[in-house]
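Coordinate analysis (summary)
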Amino acid sequence: MSLIQCNNITKRYGSTLALDDVSLSLEAGAPIALIGPNGAGKTTLFSLLCGFLRATSGDVKIMGYAPSDTKLHGRLAALPQDANLDPRFTVGHQLVLLARLQGLSSSAANKEARRVLDKVGLPEVIATKPEALSHGMRKRVMLAQALMGSPELILLDEPTAGLDPPNVKVMRSLIAEAASNATFIISSHNLDELEKVCQSVVHLEKGKLKGIVDIAQSRSTDHNGYYTVVMADTSIEAHIIIASLKSLASVSNVTFNTPNRFVVEYDAKQAGLDTGLDIGIIKLLSDKGWTYRQLVNGRTLEDQLYFGSD
Amino acid sequence: MRSVALIAWYELHHLFLTKRGLLSLSAFGLVWFLILRYVIYSAPQVLSITQMGSSITGFLNSSIINNLVTWQVPEMAMFWVVMLYLLPIFCVILTADQTASDRARGTLRVLHLRTSRDAIYFGRFIGQLLVLFFLIIIALASTLALVMMRDASQLFPALHLSVIVLVNLMLVLLPYTALMAWVSSMARSARQATTYAVIIWIVCSILTGWLSRQFPELWILDMVLPGSQVSSLLTLSGWNTLSLALIPIVQTAILLFFGRMIMQRSDW
């Protein structure tokens, strides 16, 4: 049985088509990213999975149940985008209510509220009202409510939106830590962040499913390998750099992604395991006197999804 | 059922833990103090036979007054009249935000991950009734204290009347609370919910008024709006008042059905 099974789901808001005949099947395991530009239908898909919305047509099953089925209570958790706790009550008061709704006794609910606040590093806010918290702290409190009990599936909609880098790092480590006990599905615009956390990617665009990509597999296939060169000096014409990189042995293609990134595709089979291409690239750049900032073995998620040749 | 009870219980908590709840409580307390001091306190004089024909006759018709003067405890009779007209207004204001602002804020989504839409809807509805019950108990207790101060021998008849009044007032408030549960399930703020309630009320009043003129035989039209039985209630006394209980109960069931339908079908 799949963790999530969507069959031909369509969602319309009046005349606007938010999701168009999306079918997908996701299995439990490593974190899954849900990506796409604004208006791609990510939040709509999330809301359908959580039972906040009803599909215009099609069928959604989570762990074999319809999204609003009471059997999913406690097994499915989520951090909905822009959802907030009631500003009038303390964080602790509300977390205890949520824990009790999950079936915990009063004393167990109190302990659970403290446990999850400890987990997100905010034990001191238990008696604080949400309106007194910063944006980052509120996000972490919302993550805390998603970690209550022992959910098997946790959906996070834009968990790092509006967070500063330290808070993003905290959020990332919290997800990594909890990922051993639950499957995370994370929607975000921050591809670098998703790349660090997720193993596979569900790619939506204009309400349609563009594909499901396995990040690890697509980085290096049987046939092609990739290096990404990030240049420090942007004054050199891109086509000159492309031509030079293409002249290297076993390089099959070079693509330029503004402002300063060159993705070098090479034939791994032809080059063999010990290609030395990375050394060749560095030598070329050095000989030409071109300053580079980074040489990455592989290509970024952004390059794979939006600029990839395969 | 556990979720419904939990949500309802937390609603009662909210009356004491939130600024809005405490403000409502203070406003009710102040208004009630004035009524207690200037209306209930003078009930024995106002409802005495010798004073009949004074100001109260301008407000209530003779059959109502004739009924009220038969009440053994005049304070309770006055309490009954005042509450029948005051509480519905207070109820509409107090219960307007059953789910509206939680919907706008996304808090309903967080709750829905742990409980059903029905539990949220009925839990909030029952919670509001608990709040109203609590307010009526406070008002009744203060009235009983007043009765005790005047004539301690009337405590037991007053207690008996209190139970009758309490049951009847809760029945009167049922459809008002259900109406606000319905409009709250469509709204995104308390103000919007109140506006919807006013619109529905006016449209229904005009419609039922017109229909009852066109079809006088359709007597049921006179029972469509919440509170339609209030003037008849005032002509009854004791447990006879429960003879009209079916009207608010049916109204409540219908209004809750409409609200539940919206709650089940709406996107959050």
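Up top is the structure.
Here the structure is a predicted model, which means the values were calculated and not measured.

Brief notes about the overall build of chain A
When its secondary structure is counted, chain A shows 11 helices and 13 strands. Projected onto the principal axes, the alpha-carbon positions of chain A cover approximately 70 × 45 × 35 Å. The buried share among the 310 residues of chain A stands at 39%. Across chain A, every contact between residues at least 6 apart in sequence was considered, and the portion connecting residues at least 24 apart equals 66%.

Some words on the sheet that holds strand 8 (residues 200–205) of chain A
Residues and elements named next belong to chain A. Within the open sheet, the six strands sit side by side as 5-6-7-3-8-9. Their pairing is mixed. Among the strands making up the open sheet, the edge pair consists of strand 5 (76–79) and strand 9 (208–214). Pairwise comparison of adjacent strand axes, ignoring direction, gives a mean angle of 15° for this sheet. Bridge count between strand 6 (residues 153–157) and strand 7 (residues 183–187): five bridges; the pairing is parallel. Bridged to Ile154 within strand 7 is Phe184. Where helix 4 (residues 135–146) meets the sheet, it contacts strand 5 and strand 6, and its direction lies at approximately 175° from that of strand 5.

Points about the environment of Leu72 of chain A
Residue and element names in this part refer to chain A. The topology assignment puts Leu72 in the loop between strand 4 (57–62) and strand 5. Put simply, Leu72 and Pro151 are 79 residues apart on the chain and 9.1 Å apart in space, counted from C-alpha to C-alpha. Not counting the four nearest positions on each side in its chain, Leu72 is found in contact with Ile62, Met63 and Tyr65.

Observations regarding the interface of chain A and chain B
Residue-level contacts link 24 residues of chain A with 21 residues of chain B. Those elements that provide at least two residues to the side of chain A that touches chain B are strand 5 and helix 2 (91–101) of chain A. At four residues, helix 2 of chain A tops the list of elements feeding residues into the side of chain A that touches chain B. In terms of residue class, the side of chain A that touches chain B is made up of 13 nonpolar, six polar and five charged.

What to know about the sheet that holds strand 2 (residues 16–26) of chain A
Residue and element names in this part refer to chain A. Spatially, the three strands line up as an open sheet ordered 2-1-4, and their pairing is antiparallel. Of all strands in the sheet, those bounded by a partner on one side alone are strand 2 and strand 4. Within the sheet, the average angular offset between the axes of one strand and its neighbour, ignoring direction, is 20°. Relative to strand 2, strand 1 (residues 4–13) is paired through seven bridges, and the arrangement is antiparallel. Bridge pairing links Tyr13 to Thr16 in strand 2.

Here is what the cut-offs are and how they apply
Residues numbered from 1 in each chain as written. Chains lettered and ligands numbered in written order. Predicted model: local features only at pLDDT ≥ 70, side-chain atom pairs only at ≥ 80, totals over all residues. Helix = DSSP H or I, 4+ residues; strand = E, 2+ residues; numbered from the N terminus. Buried ≥ 20, exposed ≤ 12 C-beta atoms within 10 Å, placed from the backbone. Contact = placed C-beta atoms within 7 Å. Pairing = 2+ DSSP bridges. Axes fitted to C-alpha atoms, helices over the stretch in contact; angles between N-to-C directions. Nonpolar A, V, L, I, M, F, W, Y, C, P; charged D, E, K, R; others polar.

Function cannot be inferred from these measures alone, as they are strictly geometric.
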